[in-house]
Amino acid sequence: YFERIFGPILREKETTGESLCGASWTFISASIIFFICTEEIAVTSFAILAISDACAAIIGKSFVSKPFFEKSTIGTAAFYISGLLVLFVCGGMFHSRLWFYLFGFFALFCATILEARPSFLNLDDNFSIPVSFALEMSFFDVMWNYNY
């Protein structure tokens, strides 16, 4: 039943059983992140996944540009720029301090590189993007005790 309903939107590796589908990876990453991270980090990491990953895919496939690692330069730029917008919106929603933004720039940069080169960790980007962002932000929070 699952394949009949969702088969048209699944990738080939997801229908053959080589890999879990993107929704499964998203659920696994959400379970981990919302259990161990603060609310503002968890919400921001998933907003980045939802908005920035979609922007990168749509813009990257719509315009021709030079490759950047395994993706397009323009798609990678769209990911980072939209991620910055998400960072500012989420930071404003949670009344975050300056450290949230400063550390967020770096964590977003690392998540952008992982999105552009998925073979680096060989993980689905529905897992690697939010988990990398959330772990880096949590690391900064614990190391310097800057409750954002």
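Everything below is about the structure printed above this text.
Here is what the cut-offs are and how they apply
Residues numbered from 1 in each chain as written. Predicted model: local features only at pLDDT ≥ 70, side-chain atom pairs only at ≥ 80, totals over all residues. Heavy atoms only, no water. Core = buried A, V, L, I, M, F, W, Y, C linked by side-chain atoms within 4.5 Å. Buried < 20%, exposed > 50% of the residue type's maximum accessible area, 1.4 Å probe, protein only. Helix = DSSP H or I, 4+ residues; strand = E, 2+ residues; numbered from the N terminus. Contact = heavy atoms within 4.5 Å. Disulfide = S-S within 2.5 Å. Expected span 1.5 Å × (residues − 1).

Caption draft 1: Quick peek at the nonpolar core. With 28 residues, the main nonpolar core has Ile 33, Ile 48, Phe 79, Leu 108, Phe 133 and Met 137 as its most contacted residues. Elements with a contribution of two residues or more to this core: α3 (22–36), α4 (39–62), α5 (73–93), α6 (98–116) and α7 (125–144).

Caption draft 2: Unusual backbone geometry, seen in detail. One non-glycine residue, His 95, adopts positive backbone phi at about 50 degrees. Within the secondary structure layout, His 95 lies in the loop between α5 and α6. Overall, His 95 belongs to the exposed group, its relative accessible area being 68%. Here Asn 122, not a glycine, exhibits a phi torsion of approximately 55 degrees, which is positive. Note that Asn 122 resides in the loop between α6 and α7.

Caption draft 3: Just the side chain of Thr 112, in detail. Mapped onto the elements, Thr 112 comes out in helix α6. When sequence neighbours within four positions are dropped, the list of residues in contact with Thr 112 reads Thr 76, Phe 79 and Tyr 80.

Caption draft 4: Looking closely at the state of the cysteines. Applying the stated rule across the entire model yields zero disulfides. In this model Cys 90 remains outside any disulfide bridge; the closest cysteine sulfur is found in Cys 55, 14 Å from its own.

Caption draft 5: Spatial organisation of α5. Over its 21 residues, α5 runs 30 Å from end to end, which matches the ideal 30 Å to within 8%, given 1.5 Å per residue. Taken residue by residue, α5 has Gly 75, Thr 76, Ala 78, Phe 79, Ser 82, Gly 83, Leu 84, Val 86, Leu 87, Cys 90 and Gly 91 as its buried positions. In this structure, the buried residues of α5 make contact with α4, β1 (67–68), β2 (71–72), α6 and α7. Trailing α5 by a residue or two, His 95 shows a phi angle of about 50 degrees, which is positive.

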